[in-house]
Amino acid sequence: MSSSTPILAVADALDVLRAKYSEMLDDVARGERVLWIGAGVSRKQVPDVESLLSRVLTFLRDKIDLSATPDVHREALESIIRVHLPDELDDFLSNPTCWKVPPDLSSLVNVYSTILGTEVGLEAQDYLLWEAVDVRETYGNPGIAPGPEHWLIAFLVHEGVVQEAVTTNWDGLIEHAVRTSSIDEDPEKVSVLLSQESFRLGRARFKLYKAHGCAVLARADETYRQYLVAQTFDINTWRDNPIFTSMVDKLRELAKNRESLMLGTSFQDSNLLGRIASATQDLRWPWNPDDPSCIFAEPQITPIHREALKLVYRDDYFANRVEICDRSAAGMFSGALLGAATLHILLEKLSIGLAYAPSFATSGDVVSDLEGGIEAIKTMLAADAGDSVERVVELIRDGISPLVLRFFEPTTELAHTKYKAIYDQPVKAGVDAQFRHLGIPELSVALGLLGVGLLRDYWTLSLGTGGAIASGVFEVTSRVGGSPPWRLVITRDWAETDAMKATDMWITDPGHLLVVQALGDRPRAVTRGPAGGLG
């Protein structure tokens, strides 16, 4: 069975995913597996359920007016305490306005939707969500910054391998990350689908289905308030509510026809897990231990996940329950999984490119050696990240992305948050003419050769992410003698090399700078600046 101790190190996560879940990685790389994203992905950016409940209880207490008849806030709070916190009732009744909200509300997490549905006099049905939680600001404020998981999902969107995702989260952090990391000249990358009309009008390549509503949209336009799903009543009527008809139909289609990767799902997503599972009643998924149709980014399967798996696999579950519960939990949370998977998918795109480099593809041994070199760079980057998902984001956004940008456009400067994709289409099933025309196979060869030297212990490598080493630049240190390190830049052809010579890095960098040009046959020496050094 899966261990309850989660895998934290990105290198370990990568090893486990490649050894046990290689088919899942291939599915994602081909753009075939749908992401179902729950509250755990935003746990460090917005309040968790305990904090949300504390806000509700504090709001009701602070609204108590002992002179009012009736005092609807006092009555609502008392009803919650009587049912869910009976040990607190005497303290509350003795002095309602001074009652202290318990610091530990973990016992209430699984009844959060019931508490949010508590009636407060004649106030609106969603009064506690709208006013006590203040969902508009708490989850919809545009100043809330995305976390590492949101950025990693955005990178996969830009690489074209994530084209559809479902989320129960009210926050707007996934779409925020996608839009913030998009290059300004690019077309809109994400359509947020929620209302019936949005399903008709959404045309962006990445479609984000917000099954429980969107606080960002509700903050901007109160007509979206009706889409916020929080109370038991909302959950129980969601499937049959006419405003969700397009959403329910789409989610049923995805659940029946596309394999799933569950990220950050928790109890508050249980209604969605149930709906996903029930959608497979007329077309259940067969159990395949080599390629589970539903994988959770969890250390181990919880009871709520188990119930979903029973419905997904039906009779197969009872015949294979031990294996299903073991193989359906990846052994890690969403951060480690996304960090390892994103590194793998990006570097695998380059590895695939090797087979299309005309000068090398005819030799299987050469391609194999170069693939080993790219694998060595992947291993190096995973080791650099340690157990920090934030560092994975940094290595990709401030290392790999600038390296790719400099390969294509050495004089272009992008804002720190922007992301330049290696190639914005899945390539697992094969590449197109544009992939070859752009010179990506030759970039793959250059990186493969660097990795071969690393693998054979000729040198060490570090990928710059800003600071001591410029973003997207490799620092190469020879294992021989006391040679000073070189800074290495890869360009596509003579146009990019000539452009590189006009940049500040070429003119002013005091160290040794080596430019590796992947394409072009114009024979001429390239000398760098008054400080010497060969390019």
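See above for the structure.
Summarised in this report is the structure supplied together with it. Note that the structure is predicted; figures quoted are calculated from it, not measured.

## Looking at the overall build of the chain
Then step 1. When helices and strands are counted, the chain shows 25 helices and 10 strands.
Then step 2. The C-alpha atoms of the chain give 27 Å as radius of gyration, which agrees with the globular expectation for 535 residues (24 Å, within 12%).
Then step 3. Put simply, the chain has 535 residues, and 54% of those count as buried.
Then step 4. Here the contacts in the chain between residues at least 6 apart in sequence split such that 71% fall between residues at least 24 apart.
Then step 5. Total accessible area on the chain stands at roughly 22,600 Å², and carbon and sulfur atoms take up 51% of it.

## What about the nonpolar core?
Then step 1. L337, I400 and F474 are the most contacted members of the largest nonpolar core, which totals 89 residues.
Then step 2. Among residues more than four places away in sequence, those in contact with F474 are M380, L403, L447, L450, L461, S462, L463, W486, R487 and L488.
Then step 3. Residues L53, L57, V135 and L251 belong to the second largest nonpolar core, which totals 71 residues.

## Focus: the pairing of strand β1 (residues 34–37)
Then step 1. In β1, alternate side chains face the same way, and those of V34 and W36 on one face and L35 and I37 on the other are all buried.
Then step 2. Bridge count for β1 against strand β5 (residues 260–263) is four bridges, and the pairing is parallel. Paired with V34 across the two strands is S260, which belongs to β5.
Then step 3. As paired strands, β1 and strand β2 (residues 164–167) are joined by three bridges and run parallel to one another. When the bridges of β2 are listed, W36 appears paired with V166.

## Re the packing of helix α1 (residues 10–20) against helix α2 (residues 22–29)
Then step 1. Running from N to C, α1 and α2 cross one another at 95°; their axes reach a closest spacing of 5 Å. With respect to their mutual orientation, α1 and α2 come out roughly perpendicular. Contacts between α1 and α2 pair L17, R18 and K20 from the former with S22, M24 and L25 from the latter.
Then step 2. Across the contact of α1 with α2, the residue classes tally to three nonpolar, one polar and two charged.

## What to know about the sheet that holds strand β4 (residues 206–210)
Then step 1. Spatially, six strands are ordered β3-β4-β2-β1-β5-β6 in an open sheet, and the strand pairing comes out parallel. Two strands lie at the open edges of the sheet, namely β3 (190–193) and β6 (294–296), each paired on one side alone. Strand-to-strand twist of the sheet, defined as the mean angle between neighbouring strand axes without regard to direction, takes the value 20°.

## What to know about the sheet that holds strand β8 (residues 474–478)
Then step 1. Pairing is mixed across the open sheet formed by four strands, whose spatial order is β7-β8-β9-β10. Single-partner strands in this sheet number two, and they are β7 (459–463) and β10 (512–517). Each adjacent strand pair in this sheet contributes to an overall mean axis angle of 30°, direction not counted.
Then step 2. Seen against the sheet, helix α23 (residues 440–455) touches β7, β8, β9 (486–491) and β10 and runs at an angle of roughly 130° to β7.

## Some details on the pairing of β4
Then step 1. Counting buried residues in β4 gives four out of five residues, a clear majority hidden from the surface.
Then step 2. Judged from the four bridges that link them, β2 and β4 form a sheet pairing that is parallel. Within the sheet, the bridge partner assigned to E164 lies in β4 and is K207.

## Examining the pattern of salt bridges
Then step 1. One pass over the full model with this rule turns up 35 salt bridges.
Then step 2. With a closest N to O distance of 3.2 Å, E164 and K250 form a salt bridge. Taken together, the residues span a long stretch of sequence, with E164 in strand β2 and K250 in helix α14 (residues 245–257) at a distance of 86 residues.
Then step 3. Note on E164: relative accessible area 13%, which makes it buried.
Then step 4. Given a relative accessible area of 17%, K250 falls into the buried group.
Then step 5. With a closest N to O distance of 2.9 Å, K210 and E175 form a salt bridge. A residue pair is termed long-range when its members are at least 10 positions apart, and K210 in strand β4 and E175 in helix α10 (residues 173–181) qualify at 35 residues.
Then step 6. With a relative accessible area of 0%, K210 lands in the buried category.
Then step 7. Several salt bridges converge on common partners, so that one network encompasses D27, R30, E32, R33, E259 and D291.

## With respect to the packing of aromatic side chains
Then step 1. Applying the stated rule across the entire model yields 13 aromatic pairs.
Then step 2. Relative to Y127, the ring of F59 lies with its centre 5.8 Å away and its plane at 65°, an arrangement referred to as edge-to-face. Taken as a pair, F59 in helix α3 (residues 49–62) and Y127 in helix α7 (residues 127–132) lie far apart in primary sequence, 68 residues in all.
Then step 3. Its relative accessible area of 10% is what places Y127 among the buried residues.
Then step 4. Linked through ring pairs, Y224, Y227, W238 and F244 together constitute an aromatic cluster.
Then step 5. Over the ring of Y21 we find R327; its NZ or CZ atom is 4.7 Å from the centre of that ring.
Then step 6. The lysine or arginine in question, R397, covers the ring of W151, its NZ or CZ lying 5.8 Å from the ring centre.

Definitions and limits used
Residues numbered from 1 in each chain as written. Predicted model: local features only at pLDDT ≥ 70, side-chain atom pairs only at ≥ 80, totals over all residues. Heavy atoms only, no water. Helix = DSSP H or I, 4+ residues; strand = E, 2+ residues; numbered from the N terminus. Rg over C-alpha atoms; globule rule 2.2 N^0.38 Å. Buried < 20%, exposed > 50% of the residue type's maximum accessible area, 1.4 Å probe, protein only. Contact = heavy atoms within 4.5 Å. Areas by Shrake-Rupley, 256 points an atom, 1.4 Å probe, with all protein chains shown as cover. Core = buried A, V, L, I, M, F, W, Y, C linked by side-chain atoms within 4.5 Å. Pairing = 2+ DSSP bridges. Axes fitted to C-alpha atoms, helices over the stretch in contact; angles between N-to-C directions. Parallel < 35°, antiparallel > 145°, perpendicular 65-115°, else oblique. Nonpolar A, V, L, I, M, F, W, Y, C, P; charged D, E, K, R; others polar. Salt bridge = Lys/Arg side-chain N within 4 Å of Asp/Glu carboxyl O. Phe/Tyr/Trp six-rings, centres within 6.5 Å; stacked < 30°, edge-to-face > 60°. Lys NZ or Arg CZ within 6 Å of the ring centre and 35° of its normal.

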